[in-house]
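# Breakdown of the fold
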Amino acid sequence: MAQSDAEGEEDGAYVDQPLVTPGLLEERSYQRQLADTALRDHTLVCLPTGLGKTTVSLLVTAERIQDAAWKSLLLAPTKPLVNQHAEFYREALQVPDDEIVVFTGEVRPDDRAELWEDARVVIATPQVVENDLVGNRIDLSNVTHCTFDECHRATGDYAYNYIAERYHAEADDPLVTGMSASPGGDEEGILEVCANLGLREVAVMTEDDADVAEFTHDTDVQWERVELPETVEEIRDALNDVVTERLTKLKQLGVTSSTTPDVSEKEIQRIQGRLRELMDNDQSEGYKGMSLLAEVRKLRTAVTYAETQSVEALRRYFERQQEAARSSGASKADQRLVSDPSVKEAMRRAEEYDDLHPKFRRTRMLLAETLGIENGERVIVFTESRDTAETLTDFLAEHFETRKFVGQSDTDGSEGMTQKEQQETLDRFRAGEFEVLVSTSVAEEGLDVPEVDLVLFYEPVPTAIRSIQRKGRTGRQTEGRVVVLLAEDTRDEAYFWKSRQDEKRMEDELRSLKSMAGDIEARLQQADLEDYAGEPIQPADPPGGTDRGEGGNDGGESDDDGESTSDAETATSAQTAGATADGGSSGGGSSDGQAGLDAFAGDDADDSSAGSTGNEGGEGDGDGDSSADDGVTPEPHAEGEAVEIVADQRELDSTIARDLSTREGTETRLETLAVGDYVLSDRVAVERKTVEDFLDTLTGGDRSMFEQVGDAARHYARPVVVIEGEDLYGARNVHHKAIQGALASLTVDFGASVLRTNGEDETADLLETVATREQEESDREVSVHGEKQSKTLTEQQEYVVASVAEVGPVTARTLLEHFGSVEAVMTAGEEDLLEVEGIGDVTAERIREVVGSEYDS
């Protein structure tokens, strides 16, 4: 028997179906019923953890790919889960093993493109498939079944949403199956998942169903309360006093009325919103308040560590804060925090405290009861904190055979586990080589973790979805036991009650889901109407919605509990992108002598206007010749061909490339670009900077922007810099002349066109517009110019001087022209430096400090 999700072997009939390995999968009526529903339409399959959701998907896949021309795609959120599914499919499907392939970031993009062609079943992390779709490396047209495992993740900007949108649009015969034990906390959340994945049907089985009940067992959930030691309470109270003091200052700024240290997260969000309004109005109170709020957040984290984790975890957190405060880019909030007398006293007391949190002893006692007195074999301990996981593993290892299980990403002071290490740890746990697995949330979702005798929550989790996932590790073949530890009068209590309420609501929603069969589409339409109440009704989006998945380079899959989501900025328009710098007309001018919009929309635009997008401060071509293009005349762009945009891999952190890849008539390609972030033709390369990135260049000492633009100018006749975001002059406390000076340098010194956009949507519109003008109207081809060219001697000299005390390229050129050599600049005294035009006391003093100070390693 090889039922997925670690189901045990049972006697009885086996699945008899083409492409399914005979005598392997037990025939279970509830699985067959769910598979039959999923074969009829795009379906959300809900089934308690451990009862074989993956088997349901496999039965659908086996039916859909009987014709060898078709293939299936199964997506799972983590690498360990992907590998687990691959093992199961290779065992349960009568398809050659080499036609069941795994796509993770560890497989090279070119290899994935080749493997895709011959694969019948592809099992992958969503970030990798997302990258391959953006890079135009794979084709979804003959994918006849797409499964989204743990589909409750399909919210916000998660990659599932983008993949679903592309799949519905491009597949010849699409069928989607979404699988989850916990699809959402309420009807709204469930409908959001269905909308994002294009699901039109639901198939639900609960433990109350007769067909399911015989395969489940009761799980006994106990809540154990522990009291905090007096010293830990004193450390917590000292930190809370500082929180109160900071909130009092925020109250004086008029952004909150609450000063209690247990202020809700909702109130924190409200404070942040009010501070942003002040910052948008360029009021100094906004910047001051945001710094205070940053301290409040850090202090609340410290309190959580002290209350609910351990003093050792708190010590590690304090150490990271001290390191941050000592770093060159330390914020005032970091520095103020660690120097506060009350915080320093709390840190001192934490250092002196030589005991562990009482949860440690209670954990050890519960494990002794389960593994000793009750002759249990295996226990999983879940914790939110990697610091706690490592400390707890060391502590329990003194009494039991214990191993940790954490995600792959490295964090401060902690190395992650490689995929191989994760797999080996799970294999050894299944084989009974050790008794206790201490895990962060990476083992919550769907992993084939063996049946365990006890699941111990070191702390409550605040969401029902995660609570249900964790509890699913027990109670599959025999009665299971779950224990949740709560520190009294702490944040544990709030999380406990929230999780219980959410879980109860989710159970009610799952029951009500059964009544939604055949009604999902109607409910989604009703939800859309409610969203547009009082507004003009717009055409409906295609299945899958318009949310975009989150980015990341190949291999950037998430394996820990943190999920990052970002709200895409609402675009206004890119209507000024085609305006020439001097307002001159290229045909179709308006009556007042200025160029009309139609001058930039016609098919007869000449070469001189095709690349003349508007800029701040003028436009240059890098070599003074407006038609320079490396001396190569490209082949004309064939009519009807898609406009091609080449994006750098690192740009997948934004939604721009994904957005462009979904547009009709636009084709995206991913490269690791040596020059630029986007290439739009043989003469146009684009460097994209957010307002924050741009201002960091001016305030943080990072001059890489100017070097990047210089590289672009050496390779491309029309380098473009896009500054993306609102409030360039008010986002930071940076003098407007410094900003204008940087813009002028980019335009005058580097010959770059500087364009502004309000957000990622508008940037995508601008890139599409420029690429279309270049390739369709000017018959230019896309050309990715090889490696960066070596700097000339003059450029190297300017680079060396510009890097000294961060004087910048313009000042470096002035210094070299005055003194004649790098050596002369370096040996010049402060008085000599002051004789140079544009060099003031501060700059001269800074240069001498950098050049003349002793090196201190």
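The structure displayed is predicted, hence computed values, not measured ones.

Looking now at the confidence of the model for the chain. Per-residue confidence for the chain gives a mean pLDDT of 78, with 74% of residues at or over 70. Scored below 50 in pLDDT, residues 4-11 makes 34 contacts in the model with residues more than four places away or belonging to other chains.

Time to look at the sheet that holds strand S17 (residues 684-690). Strand order in the open sheet formed by 6 strands is S15-S14-S16-S17-S18-S19, and the pairing between neighbours is mixed. Here the strands that pair on one side only, and so sit at the sheet edges, are strand S15 (666-671) and strand S19 (753-757).

This part is about the pairing of strand S6 (residues 176-180). Of all 5 residues that make up S6, 5 are buried, and the element is covered over most of its length. Residues Val-176, Gly-178 and Ser-180 line one face of S6 and the alternating positions Thr-177 and Met-179 line the opposite face, and both faces are buried. Note that strand S1 (residues 43-46) and S6 share 4 bridges and pair parallel. Paired with Cys-46 across the strands is Ser-180, a residue of S6. Pairing of strand S5 (residues 143-149) with S6, which is carried by 4 bridges, proceeds in the parallel orientation. Of the residues in S6, the one forming a bridge with Thr-147 is Thr-177.

Moving on, we get to the nonpolar core. Residues Leu-73, Leu-75, Phe-148, Leu-197 and Leu-680 are the most contacted members of the largest nonpolar core, which totals 56 residues. Look past the residues within four positions of Phe-148 in its chain and what remains in contact with it is Leu-75, Tyr-160, Ile-163, Ala-164, Val-176, Thr-177, Gly-178, Met-179 and Leu-197. Counting residues in each nonpolar core, the second largest holds 38 residues, with Val-255, Ile-271, Tyr-305 and Leu-314 among its members.

This paragraph deals with the packing of aromatic side chains. Taken as a whole and assessed by the stated rule, the structure comprises 10 aromatic pairs. Each ring, one from Phe-88 and one from Tyr-89, has its centre 6.1 Å from the other, and the planes form 80°; the classification is edge-to-face. With a relative accessible area of 7%, Phe-88 lands in the buried category. Since its relative accessible area comes to 1%, Tyr-89 is described here as buried. An aromatic cluster is present here, built from Phe-148, Tyr-158 and Tyr-160 joined pairwise through their rings. Over the aromatic face of Tyr-458 sits the side chain of Lys-359, whose NZ or CZ is 5.0 Å from the ring centroid.

Okay, the packing of helix H24 (residues 704-715) against helix H25 (residues 736-749) next. Where H24 meets H25, the axes come as close as 10 Å, and the angle between the chain directions of the two elements is 20°. Here H25 runs roughly parallel to H24, going by the angle between their axes. Remark: the crossing between H24 and H25 carries right-handed chirality. Contacts between H24 and H25 involve Met-705, Phe-706 and Val-709 from the former and Ala-742, Ser-745 and Leu-746 from the latter.

Note on placement: Val-121 falls in strand S4 (residues 121-124). Along the primary structure Val-121 and Lys-71 are separated by 50 residues, whereas in three dimensions their C-alpha atoms are 5.6 Å apart. In this structure, Val-121 is in contact with Thr-61, Ile-65, Ser-72, Tyr-89, Leu-93, Glu-99, Ile-100 and Val-101, ignoring residues within four places of it in sequence.

Quick look at the sheet that holds S4 now. Note on sheets: strands pair through backbone hydrogen bonds, and any given pair is parallel or antiparallel. Overall, parallel pairing links the 7 strands, which are arranged S3-S4-S2-S5-S6-S1-S7 in an open sheet. Whereas interior strands pair on both sides, the edge strands pair on one side only; in this sheet they are strand S3 (100-103) and strand S7 (201-204). Strand-to-strand, the axes of this sheet are offset by a mean angle of 15°, without reference to chain direction. In this sheet, S4 lies alongside strand S2 (residues 71-75) in parallel orientation, the contact comprising 4 bridges. Among the inter-strand pairings, Ser-72 is bridged to a residue of S4, identified as Val-121. In the packing of helix H2 (residues 53-64) onto the sheet, contacts are made with S1, S2, S4, S5 and S6, and the angle to S5 comes to roughly 175°. Contacts between helix H4 (residues 109-118) and the sheet are confined to S2, S3, S4 and S5, with S3 contributing the most and set at about 155° to the helix.

So, on to the side chain of Thr-391. On the secondary structure map, Thr-391 appears in helix H16 (residues 386-396). A polar contact is formed between the side chain of Thr-391 and the backbone oxygen of Asp-387, at a distance of 3.0 Å. Those residues in contact with Thr-391 that sit more than four places away from it in its chain are Glu-312, Arg-316, Leu-356 and Phe-360.

Within the structure shown, the criterion is met by 55 salt bridges. With a shortest N-O distance of 3.4 Å, Arg-28 and Glu-26 are connected by a salt bridge. Residue Glu-26 is classed as buried on the basis of its relative accessible area of 5%. Note that Arg-297 is salt-bridged to Glu-265, the shortest N-O span being 3.3 Å. Here Arg-297 is found in helix H11 (residues 284-309), whereas its partner Glu-265 is found in helix H10 (residues 265-280), with 32 residues between them in sequence. Using a relative accessible area of 29% as the deciding quantity, one classes Arg-297 as partly exposed. A single salt-bridge network, built from bridges that share partners, covers Glu-312, Arg-315, Arg-316, Arg-320, Asp-387, Glu-390 and Lys-404.

Definitions and cut-offs
Residues numbered from 1 in each chain as written. Predicted model: local features only at pLDDT ≥ 70, side-chain atom pairs only at ≥ 80, totals over all residues. Heavy atoms only, no water. pLDDT = per-residue confidence, 0-100. Contact = heavy atoms within 4.5 Å. Pairing = 2+ DSSP bridges. Helix = DSSP H or I, 4+ residues; strand = E, 2+ residues; numbered from the N terminus. Buried < 20%, exposed > 50% of the residue type's maximum accessible area, 1.4 Å probe, protein only. Core = buried A, V, L, I, M, F, W, Y, C linked by side-chain atoms within 4.5 Å. Phe/Tyr/Trp six-rings, centres within 6.5 Å; stacked < 30°, edge-to-face > 60°. Lys NZ or Arg CZ within 6 Å of the ring centre and 35° of its normal. Axes fitted to C-alpha atoms, helices over the stretch in contact; angles between N-to-C directions. Parallel < 35°, antiparallel > 145°, perpendicular 65-115°, else oblique. Left-handed = near helix turned anticlockwise from the far one by under 90°. Polar contact = N/O pair within 3.5 Å; in protein donor to acceptor, adjacent residues only side chain to side chain. Salt bridge = Lys/Arg side-chain N within 4 Å of Asp/Glu carboxyl O.

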